[in-house]
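# Per-entry structural report
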Amino acid sequence: MRRVVGHTVAPYLIVLGFTICLAVIYYWLLTGYWGTTIGKRSLGTWVVRASDGAPVSLSASFLRAVIFVLGGEVVPLFFVADNVWLTTDPRRQCLHDKAARTLVVRTAPPGRGPAQAS
């Protein structure tokens, strides 16, 4: 039994670490550079600074991504708490939005939206 656990835990942790890193990079860079992920873009939503609606910074998007991904992977029932918080918050911010001081909106910040036709 000990040998089986030893042979399965290490590969699991390696894959888990790789998956966490990949997810953080995805959410961080897409939100930081585009202001949205592929899923948010398909829904027409954007991540902006909560204070003034300006594009989110790379550091804020990194913090947001780390809390979202690590919270979901490491903390039991994090996504339940995150979504319950969302439904009770007056600004509809999740916990990872509160921590990063961001807000999800339906209007693209200046310079980040789809090209406007003249």
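Residues numbered from 1 in each chain as written. Predicted model: local features only at pLDDT ≥ 70, side-chain atom pairs only at ≥ 80, totals over all residues. Heavy atoms only, no water.

Before going further, it helps to examine the overall build of the chain. Check the secondary structure of the chain and you find 5 helices and 2 strands. In the chain, the order of α-helices and β-strands from amino to carboxyl end is α-α-β-α-α-α-β. Looking at the chain as a whole, 29% of its 118 residues qualify as buried. Roughly 7,900 Å² of accessible area belongs to the chain as shown, and the carbon and sulfur atoms make up 68% of that amount. (Helix = DSSP H or I, 4+ residues; strand = E, 2+ residues; numbered from the N terminus. Buried < 20%, exposed > 50% of the residue type's maximum accessible area, 1.4 Å probe, protein only. Areas by Shrake-Rupley, 256 points an atom, 1.4 Å probe, with all protein chains shown as cover.)

Apart from glycine, the bulk of residues carry a negative phi angle, and the bulk of peptide bonds sit in the trans form. Even without being a glycine, Leu-77 presents a positive backbone phi close to 60°. Relative to the helices and strands, Leu-77 resides in the loop between helix 3 (58–74) and helix 4 (78–88). By relative accessible area, Leu-77 is classed as exposed at 65%. In this structure, Arg-92 takes a positive phi of about 55° despite not being glycine.

Turning our attention to the confidence of the model for the chain. Residues shown with low pLDDT carry predicted positions that ought not to be read at fine detail. Per-residue confidence for the chain gives a mean pLDDT of 88; residues scoring 70 or more make up 89%. Confidence scores differ between elements of the chain, with helix 1 (residues 2–34) showing the lowest mean pLDDT of 88 and strand 1 (residues 46–49) the highest of 95. (pLDDT = per-residue confidence, 0-100.)

Right, let's get into the pattern of salt bridges. The final tally for this structure, using the stated rule, is 3 salt bridges. For Arg-49, the salt bridge is made with Asp-52, and the minimal N-O distance between the two is 2.5 Å. According to the relative accessible area criterion, Asp-52 is partly exposed, its value standing at 48%. For Lys-98, the salt bridge identified is with Asp-89, shortest N-O distance 2.9 Å. Here Asp-89 falls in the buried class, since its relative accessible area comes to 10%. (Salt bridge = Lys/Arg side-chain N within 4 Å of Asp/Glu carboxyl O.)

Attention shifts here to the packing of aromatic side chains. In the structure shown here, the tally under the stated rule is 5 aromatic pairs. When the centroid spacing of 5.9 Å and the interplanar angle of 65° are considered together, the rings of Phe-78 and Phe-79 count as edge-to-face. Judged by its relative accessible area of 11%, Phe-78 is buried. Overall, the relative accessible area of 38% leaves Phe-79 in the partly exposed class. These aromatic residues form a ring-pair network of at least three members: Tyr-26, Tyr-27, Phe-68, Phe-78 and Phe-79. (Phe/Tyr/Trp six-rings, centres within 6.5 Å; stacked < 30°, edge-to-face > 60°.)

By the element assignment, Thr-37 lies in the loop between helix 1 and helix 2 (38–43). Overall, Thr-37 belongs to the buried group, its relative accessible area being 7%. A polar atom in the side chain of Thr-37 sits 3.3 Å from the backbone nitrogen of Lys-40. Sequence-distant contacts of Thr-37, that is, excluding residues within four places in its chain, are made with Tyr-26, Tyr-27, Leu-30 and Thr-31. (Polar contact = N/O pair within 3.5 Å; in protein donor to acceptor, adjacent residues only side chain to side chain. Contact = heavy atoms within 4.5 Å.)

On the secondary structure map, Gly-44 appears in the loop between helix 2 and strand 1. A C-alpha to C-alpha distance of 8.5 Å links Gly-44 and Val-105, two positions 61 residues apart in sequence.

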